[in-house]
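Listed here are the chains, written in short residue letters.
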Amino acid sequence: MAPGPAHNAFPWHLGVYDAHCHPTDTMSTASSIPRMKARVLTVMATRGQDQELVAQVAETYGLNSSDTSRRLENERLVPCFGWHPWFSYQMYDDTEKPVPDSSSEDFKIQHYQSVLTPKPEDSVFLSSLPAPRSLQAFLGETRSYLEKYHVALVGEIGLDKGFRLPGIRSPGSEVSRDDSLTPGGREGRRLTPYRVKMDHQKAVLKAQLKLAGEMKRAVSIHGVQVHGVLFDTLQETWKGYEKEVPSKKERKKVEKIPPPEDDEPEEPSTEEPLKPFPPRICLHSYSGPPEPLKQYLNPSTPADIFFSFSAVINMSSATSSKAVEVIKEVPDDRILVESDLHVAGDEMDSKLEEMCQKICEIKEWSLEDGVTKLGENWHRFVFG
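All values derive from a computational prediction rather than experimental measurement.

A. How the structure looks around the environment of leucine 14. Structurally, leucine 14 can be placed in the loop between α1 (5–8) and β1 (17–21). When its relative accessible area of 32% is taken as the criterion, leucine 14 is described as partly exposed. Taking C-alpha positions, leucine 14 is 9.8 Å from alanine 38, a pair spaced 24 residues apart along the chain. In contact with leucine 14, other than residues within four places in its own chain, are Arg39, Glu368, Val371 and Thr372.

B. Spotlight on a positive patch on the surface. A grouping of Lys161, Arg164, Arg186 and Arg195 is seen on the molecular surface, where their side chains present a positively charged patch. Tracing the sequence through the fold places arginine 186 in the loop between β7 (153–160) and β8 (195–196).

C. Main features of the sheet that holds strand β3 (residues 77–81). The strand order across the open sheet formed by eight strands is β1-β2-β3-β7-β9-β10-β11-β12, and the pairing between neighbours is parallel. Each of the sheet's edge strands pairs with one partner strand only, and the pair in question is β1 and β12 (335–337). Within the sheet, the average angular offset between the axes of one strand and its neighbour, ignoring direction, is 25 degrees. Sheet topology places strand β10 (residues 280–283) next to strand β11 (residues 304–309); four bridges connect them, and they run parallel. Counterpart to arginine 280 in the pairing with β11 is aspartate 304. In the packing of helix α7 (residues 227–238) onto the sheet, contacts are made with β7, β9 (219–224), β10 and β11, and the angle to β9 comes to roughly 145 degrees. Packed onto the sheet, helix α13 (residues 367–383) meets β1, β2 (40–43), β3, β7, β9, β10, β11 and β12 and runs at close to 100 degrees relative to β12.

D. The arrangement of the nonpolar core in detail. Counting residues in each nonpolar core, the largest one holds 76 residues, and the members touching the most others are Leu41, Ile221, Leu230, Ile281, Leu283, Phe307 and Phe309. Not counting the four nearest positions on each side in its chain, phenylalanine 307 is found in contact with Leu283, Tyr286, Leu293, Tyr296, Leu297, Val330, Arg334, Ile335 and Leu336.

E. Inspection of the pairing of β9 at higher detail. Buried residues dominate β9, accounting for five of its six residues. As paired strands, β9 and β10 are joined by three bridges and run parallel to one another. Counted as the bridge partner of serine 220 is cysteine 282 from β10.

F. The packing of helix α5 (residues 135–148) against helix α6 (residues 198–215), seen in detail. In the contact formed by α5 and α6, the axes pass within 11 Å of each other and the chain directions differ by 30 degrees. Between α5 and α6, the angle is such that the two are roughly parallel. At the point where α5 passes α6, the crossing takes the right-handed sense. Between α5 and α6, the contacting residues are Leu135, Phe138, Leu139, Thr142, Arg143, Leu146 and Glu147 on the first element and Ala203, Val204, Ala207, Gln208, Leu211, Glu214 and Met215 on the second. When its residues are assigned to classes, the contact of α5 with α6 shows nine nonpolar, two polar and three charged.

G. Spatial organisation of unusual backbone geometry. Put simply, threonine 117 and proline 118 share a cis peptide bond, and its omega is -5 degrees. Summarising the element assignment, proline 118 is placed in the loop between β5 (116–117) and α4 (123–128). Between glycine 155 and glutamate 156 the backbone carries a cis peptide bond, its omega angle lying at 10 degrees. Although it is not a glycine, lysine 216 adopts a positive phi angle of roughly 60 degrees. Among the secondary structure elements, lysine 216 is positioned in the loop between α6 and β9. Phi is positive for aspartate 340, close to 55 degrees, though the residue is something other than glycine. Summarising the element assignment, aspartate 340 is placed in the loop between β12 and α12 (346–363).

Rules used in this analysis
Residues numbered from 1 in each chain as written. Predicted model: local features only at pLDDT ≥ 70, side-chain atom pairs only at ≥ 80, totals over all residues. Heavy atoms only, no water. Helix = DSSP H or I, 4+ residues; strand = E, 2+ residues; numbered from the N terminus. Buried < 20%, exposed > 50% of the residue type's maximum accessible area, 1.4 Å probe, protein only. Contact = heavy atoms within 4.5 Å. Patch = residues over 30% accessible without salt bridge, like charges linked within 9 Å, V, L, I, M, F, W, Y side chains within 5 Å. Areas by Shrake-Rupley, 256 points an atom, 1.4 Å probe, with all protein chains shown as cover. Salt bridge = Lys/Arg side-chain N within 4 Å of Asp/Glu carboxyl O. Lys, Arg positive; Asp, Glu negative; His and termini not counted. Charge placed at Lys NZ, Arg CZ, Asp CG, Glu CD. Pairing = 2+ DSSP bridges. Axes fitted to C-alpha atoms, helices over the stretch in contact; angles between N-to-C directions. Core = buried A, V, L, I, M, F, W, Y, C linked by side-chain atoms within 4.5 Å. Parallel < 35°, antiparallel > 145°, perpendicular 65-115°, else oblique. Left-handed = near helix turned anticlockwise from the far one by under 90°. Nonpolar A, V, L, I, M, F, W, Y, C, P; charged D, E, K, R; others polar.

Below you can see the structure in the form of structure tokens.
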């Protein structure tokens with residue numbers, strides 16, 4: 001006899017937490033957030049057009065406390081502020097020294113020719129690009145958002161070797177612009193041969209990682225075709241802060257030393273020194289092979305690394321077999337679920353349910369245990 005509906009019901013009541021999504025890309029769907037089955041969404045910003053939109057939805061639906069069990073009904077999201085690598089070319093790096101004449105047309109052309117490869121010579125294309133903006137000013141704006149929204153994170157940030165800039169939309173384009181989408185995305189435009197130089201992407205990423213470290217906020221990281229470069233970049237930020245890992249011989253030696261009888265225990269310091277790297281990192285829709293997990297999860301790594309998975313990215317036919325192997329290898333307390341969708345509502349709930357079920361199947365967890373574990377992991381990632 002087939003099990004009854006009660007046995008098949010998905011345990012939404014235990015709390016499902018979307019670790020990475022983009023509902024502000026389609027603002028018309030934001031009003032459906034309080035009606036969703038998912039308990040809390042982690043909402044990313046990516047570019048100039050959506051930082052304020054994320055702040056807007058946070059005003060209406062943002063969490064006010066890390067205690068999600070006592071949240072109000074309309075507290076449904078954690079806002080995240082960051083600059084995605086796809087748009088890193090729009091920033092000029094003035095974090096070390098001021099940049100003169102940054103508003104001139106000559107500077108604009110010089111900037112884009114210095115950060116894009118191959119070097120663009122097409123004057124029409126260059127003039128179509130937006131005026132580049134100050135990385136230092138953006139960091140100041142992001143700091144203000146993080147100060148205003150106490151549970152906010154930094155994201156989406158990262159590196160992407162495969163991305164190519166979209167070109168100019170031609171007047172007779174067959175693909176008309178979808179006015180329901182927040183401006184700034186590809187929107188059906190043909191791709192150019194131009195990519196953002198990796199050194200420039202790294203500079204923008206490292207500046208945001210440093211800010212996250214200063215503000216003690218977690219980050220959500222995008223990485224495509226850069227798994228070695230991304231790890232090396234993160235490692236550069238925490239160089240000198242690695243945890244000491246005693247050898248087996250040293251551990252045995254310490255175990256044999258009896259505790260002092262008279263000494264009073266020292267009061268633990270309540271104020272941790274600021275560090276130039278975030279305390280917690282999520283590699284979102286992780287698409288790398290299983291081998292690099294060992295680097296990220298090395299006991300000396302001073303940040304807690306999490307890995308999130310989405311049905312739309314990780315369970316496509318081309319990548320699902322690799323993702324299954326990775327999910328098997330990720331420790332049970334470091335895995336997260338995400339939708340990575342650009343619309344809120346039923347479709348987002350559906351993709352979250354699909355991915356939760358897939359993770360539970362791969363991990364051989366019951367749905368109840370799996371959803372509970374994933375929720376606990378999300379709380380540790382977001383709040384520490």
